[in-house]
Amino acid sequence: MPLPVIIGAAALVAGALGVGTGVRGAVKMKEANDTMKQADSTHNKNLERFKQQSKMTSNDMDKLGKKELEVLKSFNSFTDVFEKIQKKPQFKTYDKEGVKIPEYNAEELKQVSIGAGILLGGIGGAAAGTAGGFAAAGATTAAVMAIGTASTGTAIASLSGIAATNATLAALGGGAIAAGGGGIALGTTILGAATLGVGLLVGGIIFNVTGSSLSNKADEAWSQVLKAEGQINSICAYMKELSTISNRFYVAISRVNRVYREHLDQLRSIVEVSNKTDWNEFTAEEKLITENTALLVNLLFNMGKVQLVLVSNDETVPNSVNTEVVNKTISDSKKFLKERRLANVFE
């Protein structure tokens, strides 16, 4: 075969191979590009889901925290009336059917009422999640501690740290979260690495890398997205559990508070309207109302002590929802109301 023909044939073959390689390269680049776009879209959806759940949990916990503080602050009204009653007996600890309510302590109730008032006064200017942080750590404890910090003018700031400030951030736990930003902790170490990794891999890299390198980068980006998705799923599940338990506790404490308010109104009528201040002049019904009111106050006081979040001391272990204790507290409150025949606990 003449040399020119051979060279021509070789050129045609080489050209065909070049076209084939180019086509395959183009296909691989398109696939990598599609993977990058899907990674970016999936990651943004995951982050949006995280933000929404974080906002919902913060709102639920804030609602509970504010309710608890309002209940605790109201105790000053009870002590004002109760302390006017002369010759009253010492109400002992209530202990029936596994439900234990400590005996009445006037000084503790006064302190927690003052502390709760201090915290409520500062919540308006505090970051979202602060009231929820008090519920997470135990509103009664936070209220008592507020008295010790009030003189410095930093009660909210210092207590919010103790109370894990934001209930949503507390959910992430393990010392990995820096408080602030209204509860969205996207820049924290628990999510930071994966989030940053995806952003760097997806952002602009398609136009700067070619061939197999691009495919490798696309695969790496998708792997990072899946890792971040797993972490976000875990966090969202925790926050959802925290929202559920906080809403149940809100209903329980509101139920007890409603019964307490009714009894307090009756007690106030006995003492301040009927001017009865001698225990010996109280009828059997009036004595029962007085005793039940004191017990209801102590029940609410102790409900406020319950921590909704158990803080982990290990940075590698997330915090946990104090579900068992919260459920028992709710159950105990129902048992008490039922045993004293104070309310329809199944409403």
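A quick note: this is a predicted structure, and the numbers were derived from the prediction, not measured.

Caption draft 1: Up close: the overall build of the protein. Along its length, the protein carries 11 helices and 4 strands. Sequence-distant contacts, at least 24 apart, represent 78% of the contacts inside the protein between residues at least 6 apart. Accessible area for the protein stands at about 17100 Å²; split by element, carbon and sulfur atoms hold 56% of it.

Caption draft 2: Quick look at the packing of aromatic side chains. The final tally for this structure, using the stated rule, is 3 aromatic pairs. Plain terms: the ring middles of Phe75 and Tyr260 are 6.2 Å apart, the flat faces sit at 90° to each other, and that makes the pair edge-to-face. With Phe75 in helix H2 (residues 75-82) and Tyr260 in helix H9 (residues 211-273), this pair connects stretches of sequence that are 185 residues apart. Each of the two residues, Phe75 as well as Tyr260, counts as buried. Above the ring of Tyr250, the side-chain terminus of Lys63 is found at 4.6 Å from the ring centroid. For Lys88, the ring lying beneath its charged end belongs to Phe82, and the centroid distance is 5.0 Å.

Caption draft 3: Main features of the pattern of salt bridges. Taken as a whole and judged by the stated rule, the model has 8 salt bridges. The shortest N-O distance in the salt bridge between Lys96 and Glu339 comes to 3.5 Å. Taken together, the residues Lys96 in strand E1 (residues 94-96) and Glu339 in helix H11 (residues 323-339) connect sequence positions 243 residues apart. Under the relative-accessibility criterion, Glu339 is labelled partly exposed at 28%. It is possible to trace a salt-bridge network through shared partners that takes in Lys84, Asp265, Arg268 and Glu272.

Caption draft 4: Fine view of the packing of H2 against helix H10 (residues 284-303). Taken N-terminus to C-terminus, the directions of H2 and H10 make an angle of 150°; their axes are 11 Å apart at the nearest point. When the axes of H2 and H10 are compared, the pair comes out roughly antiparallel. Pair H2 / H10 crosses with left-handed handedness. Here H2 contributes Phe75, Phe78 and Phe82 to the contact with H10, which in turn contributes Thr290, Thr293, Ala294, Val297, Leu300 and Phe301. For the contact of H2 with H10, the class distribution of residues is 7 nonpolar, 2 polar and no charged.

Caption draft 5: Summary view of the confidence of the model for the protein. Residue-level pLDDT values for the protein average 72, and 69% of them are 70 or greater. Helix H7 (residues 167-172) is the least confidently modelled element of the protein, averaging 36 in pLDDT, while H11 averages 93, the highest of any element. Throughout residues 1-23 the model reports pLDDT below 50, and contacts reaching past four residues in sequence, or to other chains, amount to 1 contact.

Caption draft 6: Looking closely at H2. Taken as a whole, H2 has its buried residues at Phe75, Phe78, Thr79, Val81 and Phe82. Down the axis of H2, the buried side of the element spans an arc of 165°, and every buried residue falls inside it.

Caption draft 7: Focus on the nonpolar core. Among the nonpolar cores identified, the biggest contains 68 residues, and Phe75, Phe78 and Phe336 are the most heavily contacted of them. Per-element tally for this core: the top contributor is H9, with 17 residues. Excluding residues that lie within four positions of it along the chain, Phe78 makes contacts with Tyr104, Leu109, Tyr260, Leu264, Leu267, Thr293, Ala294 and Val297. In terms of nonpolar packing, the next biggest core, distinct from the first, is built from 6 residues, Ala32, Met36, Ala218 and Ala221 among them.

Caption draft 8: Structural context of unusual backbone geometry. Even without a glycine there, the phi angle at Lys87 is positive, about 65°. Note that Lys87 resides in the loop between H2 and E1. Here Arg341, not a glycine, exhibits a phi torsion of approximately 55°, which is positive. For Arg341, the position within the fold is in the segment after H11.

Rules of the game
- Residues numbered from 1 in each chain as written.
- Predicted model: local features only at pLDDT ≥ 70, side-chain atom pairs only at ≥ 80, totals over all residues.
- Heavy atoms only, no water.
- Helix = DSSP H or I, 4+ residues; strand = E, 2+ residues; numbered from the N terminus.
- Contact = heavy atoms within 4.5 Å.
- Areas by Shrake-Rupley, 256 points an atom, 1.4 Å probe, with all protein chains shown as cover.
- Phe/Tyr/Trp six-rings, centres within 6.5 Å; stacked < 30°, edge-to-face > 60°.
- Buried < 20%, exposed > 50% of the residue type's maximum accessible area, 1.4 Å probe, protein only.
- Lys NZ or Arg CZ within 6 Å of the ring centre and 35° of its normal.
- Salt bridge = Lys/Arg side-chain N within 4 Å of Asp/Glu carboxyl O.
- Axes fitted to C-alpha atoms, helices over the stretch in contact; angles between N-to-C directions.
- Parallel < 35°, antiparallel > 145°, perpendicular 65-115°, else oblique.
- Left-handed = near helix turned anticlockwise from the far one by under 90°.
- Nonpolar A, V, L, I, M, F, W, Y, C, P; charged D, E, K, R; others polar.
- pLDDT = per-residue confidence, 0-100.
- Arc of directions from axis to C-beta.
- Core = buried A, V, L, I, M, F, W, Y, C linked by side-chain atoms within 4.5 Å.

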